[in-house]
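These are the residues of each chain, in order.
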Amino acid sequence: MNYQTVLDFWFSAETQPYWFAKSDAFDQQLRNQFLDTLEQARQAELWSWRENAEGRLAEIIVLDQFSRNLYRDRPASFAQDPMALALAQETIQRGLDQNLRPEQRSFLYMPFMHSESKIIHEQALKLFEDLGNPINLDFEKKHKVIIDRFGRYPHRNEILGRESTVEEIEFLTQPNSSF
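Residues numbered from 1 in each chain as written. Predicted model: local features only at pLDDT ≥ 70, side-chain atom pairs only at ≥ 80, totals over all residues. Heavy atoms only, no water.

A closer look at the overall build of the protein chain
Then comes step 1: Secondary structure assignment for the protein chain yields ten helices and zero strands.
Then comes step 2: Counted from the first residue to the last, the protein chain has its helices and strands arranged as α-α-α-α-α-α-α-α-α-α.
Then comes step 3: Rg of the C-alpha trace for the protein chain: 16 Å, near the compact-globule value of 16 Å for 179 residues, within the 12% margin.
Then comes step 4: Projected onto its principal axes, the C-alpha positions of the protein chain cover 45 × 35 × 30 Å.
Then comes step 5: Taken over 179 residues, the protein chain has a buried fraction of 46%.
Then comes step 6: Summing over all exposed atoms, the protein chain offers an accessible surface of approximately 9300 Å²; the carbon and sulfur share of this is 50%.
Then comes step 7: Charged side chains in the protein chain number 20 positive and 28 negative. The centres of these two groups are separated by 2 Å. (Helix = DSSP H or I, 4+ residues; strand = E, 2+ residues; numbered from the N terminus. Rg over C-alpha atoms; globule rule 2.2 N^0.38 Å. Buried < 20%, exposed > 50% of the residue type's maximum accessible area, 1.4 Å probe, protein only. Areas by Shrake-Rupley, 256 points an atom, 1.4 Å probe, with all protein chains shown as cover. Lys, Arg positive; Asp, Glu negative; His and termini not counted. Charge placed at Lys NZ, Arg CZ, Asp CG, Glu CD.)

Take a look at the structure:
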């Protein structure tokens, strides 16, 4: 498979409604089409995709987005986050993110939003402010508030086998407390 296949699929009109929705059927479609690609990405075997911004973006989407669908509600759904973040940071450092359309850049920046680091969220806030999409910026602000308060995402605790604090348990009873 080549990186353009990933981009064509992810940015298609048919796929966009599923970007942030839970769907067993969509998860199965991803499994059928991209499970092997995700396994290659997990093993850093897609390094040849990194020659340009689009290839880097495709690898990041596989690691950061597909993993959340393919390993939903399992620790593996977050296991690729550090690699996706490092690839995104390197892409930005090289200025290659500026070669992408704003919609594409929002997914290049998503690993920053998914991070459980306060320092990374400072960077994320600036990236999403500069991107100029108020919806993305609003979501980053909501994510950052949680990280600033707890230093992690409480809704991941059960999946990752982490013990929740009393404050986190109370927080999770609130509407829109998890993403």
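Focus on the environment of glycine 161
Then comes step 1: Within the secondary structure, glycine 161 is located in the loop between α9 (157–160) and α10 (166–172).
Then comes step 2: Classification of glycine 161 by relative accessible area gives exposed; the value is 67%.
Then comes step 3: As for glycine 161 and proline 75, which are separated by 86 residues in sequence, their C-alpha atoms are 8.5 Å apart.

A short note on helix α6 (residues 102–114)
Then comes step 1: Taking 1.5 Å per residue as the helical rise, α6 with its 13 residues ought to reach 18 Å, and the 18 Å between its terminal C-alpha atoms agrees with that figure.
Then comes step 2: Summarising burial for α6: eleven of the 13 residues are buried, a large majority.
Then comes step 3: Turning to α6, its buried residues number three or more, namely Gln104, Arg105, Ser106, Phe107, Leu108, Tyr109, Met110, Pro111, Phe112, Met113 and His114.
Then comes step 4: Along its buried surface, α6 packs onto α1 (3–10), α3 (53–70), α5 (81–93), α7 (118–131) and α8 (134–150). (Expected span 1.5 Å × (residues − 1). Contact = heavy atoms within 4.5 Å.)

Digging into α8
Then comes step 1: With 17 residues, α8 extends 24 Å from end C-alpha to end C-alpha; this agrees with the ideal 24 Å at 1.5 Å per step.
Then comes step 2: As for α8, its buried residues are in contact with α6, α7 and α10.

Quick word on the nonpolar core
Then comes step 1: Ranked by size, the top nonpolar core spans 42 residues in total, and within it Val6, Trp10, Phe11, Leu57, Ile61, Phe66 and Phe107 carry the most contacts.
Then comes step 2: Residue assignment for this core shows that the elements contributing at least two residues are α1, α2 (24–42), α3, α5, α6 and α7.
Then comes step 3: If one sorts the elements of this core by residue count, α3 sits on top with nine residues.
Then comes step 4: Looking at which domains feed residues into this core, each of domain 1 (1–114) and domain 2 (117–178) gives three or more.
Then comes step 5: For phenylalanine 66, the contacting residues outside a window of four places in its chain are Val6, Phe9, Trp10, Leu30, Phe34 and Ile61.
Then comes step 6: One finds Ile147, Phe150, Tyr153 and Phe171 within the second-largest nonpolar core, a separate group that totals five residues. (Core = buried A, V, L, I, M, F, W, Y, C linked by side-chain atoms within 4.5 Å. Domains from an automatic or database assignment.)

Notes on the layout of surface pockets
Then comes step 1: If you add up the space inside the largest pocket, you get close to 890 Å³.
Then comes step 2: Residue lining of the largest pocket: 28 residues in total, with Trp19, Phe20, Arg68, His114 and Phe179 positioned closest to the centre.
Then comes step 3: Mapped onto the lining of the largest pocket, the elements with two or more residues apiece are α3, α4 (76–79), α6 and α8.
Then comes step 4: At six residues, the largest contribution of residues to the lining of the largest pocket is made by α6.
Then comes step 5: Residues lining the lining of the largest pocket come from more than one domain, with at least three contributed by each of domain 1 (1–114) and domain 2 (117–178). (1 Å grid on protein atoms, 1.4 Å probe; cavity = no way out; pocket = protein on both sides within 12 Å on 5 of 7 lines; lining within 4 Å. Points joined across faces, edges and corners; volume = space filled by probe spheres on them.)

Describing the pattern of salt bridges
Then comes step 1: Summed over the entire model, instances satisfying the criterion amount to 17 salt bridges.
Then comes step 2: A salt bridge links arginine 50 to glutamate 59; its shortest N-O distance comes to 2.7 Å.
Then comes step 3: In this structure, arginine 94 engages glutamate 90 in a salt bridge whose closest nitrogen and oxygen atoms are separated by 3.9 Å.
Then comes step 4: Note on arginine 94: relative accessible area 54%, which makes it exposed.
Then comes step 5: Several salt bridges share partner residues, and in doing so they unite Asp64, Arg68, Asp81, Glu116, Arg156 and Arg162 into one network. (Salt bridge = Lys/Arg side-chain N within 4 Å of Asp/Glu carboxyl O.)

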